[in-house]
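Geometric and topological summary
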Number of protein chains: 2
Amino acid sequence: MVSQIRNNKHCQCPVEATLEVIGGKWKPIILWQLRTEKLRFSGLQQSMQGISPKMLTKQLRELEEDGLILREIYPEIPPRVEYSLTEFGKTVLPVLDALCKWGIEYLGRECLLDDQSLSDRS
Amino acid sequence: MVSQIRNNKHCQCPVEATLEVIGGKWKPIILWQLRTEKLRFSGLQQSMQGISPKMLTKQLRELEEDGLILREIYPEIPPRVEYSLTEFGKTVLPVLDALCKWGIEYLGRECLLDDQSLSDRS
DNA sequence: CGGGATCCCTAGAGATACTG
DNA sequence: CAGTATCTCTAGGGATCCCG
């Protein structure tokens, strides 16, 4: 798995390296959306208000390159592509969960995403 | 404490809101450096290879504005300013720890910072 | 449907020099 | 010492149009 990770030489700090993989404006949301179900490109685009197709493509390619998500192409007419979390991708969910919990507890942000399945938040 | 947080209207997702506060290239490192000791501006600058004074100032101001760090000014000649974590700032350490651990475990990054005091990493 | 290609454009980072 | 002030410059995001 590790071999699939982009080797960003400028990332020496593991925190920075992690943020390089799961951080940014869109990646946490993408990972969160894929947490429970496979989604198509158009499905993801709809669930992420305001993202352009170019940006969504870029984020998905990077997540795929890092081995977090799987891209399955069905050679149909019209074409269908489904994205899902890999087993490796699932290992970041607890980390996202930690970020989410701190945001809710200390920043008073409500979780606009589906907050039912935060692992064991009371 | 919460009232001290900048109200970024564009941050609805708590994960994004958290990353707004502790994310980026420099903030995790600053918080990490301050974890065990007060540091002066020059001390921080030395421990963070390559950061410009302008950028360091900006990051410190934002962290202060968000209530994570305390800025103490000693009216001496030459002037002395010391930065330290607030109690609120200490609450993010476990989150940083989670990011750090994932980076080390799954990205194979070594912790170049002082990795002794990662809470209870075996 | 699921993108790619192109153009544009500005926020923000670096470098350098200066100051109370 | 602990920062500002100024300038420059480019990576990266939005908008638009096109393609297999």
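Heads up: the structure comes first, above all this text.
The structure contained in this document is the topic of the report that follows. This structure is a prediction, so every number in the text was calculated from the model and none was measured.

Helix and strand counts for chain A stand at six helices and three strands. Starting at the N terminus, the α and β elements of chain A follow one another as α-α-β-α-α-β-β-α-α. Looking at chain A residue by residue over its 122 residues, the buried ones come to 49%. Excluding contacts between residues fewer than 6 apart, the proportion of contacts in chain A whose partners are at least 24 apart in sequence is 46%. Carbon and sulfur atoms make up 51% of the accessible area of chain A, which amounts to about 6400 Å² in all.

Attention now moves to the sheet that holds strand β2 (residues 69-74) of chain A. Residues and elements named next belong to chain A. Read from one edge to the other, the open sheet built from three strands follows the order β1-β3-β2, with strand pairing classed as antiparallel. Either end of the sheet is taken by a strand with one partner, and the two such strands are β1 (39-40) and β2. Helix α4 (residues 53-65) rests against β2 and β3 (80-85) of the sheet, and its axis sits at about 115° to β2.

As a further point, take the sheet that holds strand β3 (residues 80-85) of chain B. Residues and elements named next belong to chain B. With antiparallel pairing, the three strands of this open sheet are ordered in space as β1-β3-β2. Edge positions in the open sheet fall to β1 (39-40) and β2 (69-74), since each of these has one partner strand only. Sheet topology note: the β1/β3 ladder contains two bridges and is antiparallel. Paired with leucine 39 across the strands is tyrosine 83, a residue of β3. Across the face of the sheet, helix α4 (residues 53-65) comes into contact with β2 and β3 while running at roughly 115° to β2.

Moving on, we come to unusual backbone geometry. Isoleucine 77 of chain A connects to proline 78 of chain A through a cis peptide bond whose omega is 0°. Tracing the chain through its elements places proline 78 of chain A in the loop between β2 and β3.

Quick look at the pattern of salt bridges now. Counted under the stated rule, the structure contains 14 salt bridges over all chains. Between glutamate 82 of chain A and arginine 80 of chain A there is a salt bridge; the shortest N-O distance is 3.0 Å. Among the residues examined, glutamate 82 of chain A registers a relative accessible area of 15% and is labelled buried. Residue glutamate 72 of chain B is joined to lysine 38 of chain B by a salt bridge in which the shortest nitrogen-to-oxygen separation is 2.8 Å. Linking glutamate 72 of chain B in strand β2 with lysine 38 of chain B in the loop between α2 (27-33) and β1, this pair joins segments that are 34 residues apart in sequence. By relative accessible area, which is 23% here, glutamate 72 of chain B ends up partly exposed. By relative accessible area, lysine 38 of chain B is classed as partly exposed at 43%. The network of salt bridges with common partners includes Glu76, Arg80 and Glu82 of chain A.

Cut-offs used in this document
Residues numbered from 1 in each chain as written. Chains lettered and ligands numbered in written order. Predicted model: local features only at pLDDT ≥ 70, side-chain atom pairs only at ≥ 80, totals over all residues. Heavy atoms only, no water. Helix = DSSP H or I, 4+ residues; strand = E, 2+ residues; numbered from the N terminus. Buried < 20%, exposed > 50% of the residue type's maximum accessible area, 1.4 Å probe, protein only. Contact = heavy atoms within 4.5 Å. Areas by Shrake-Rupley, 256 points an atom, 1.4 Å probe, with all protein chains shown as cover. Pairing = 2+ DSSP bridges. Axes fitted to C-alpha atoms, helices over the stretch in contact; angles between N-to-C directions. Salt bridge = Lys/Arg side-chain N within 4 Å of Asp/Glu carboxyl O.

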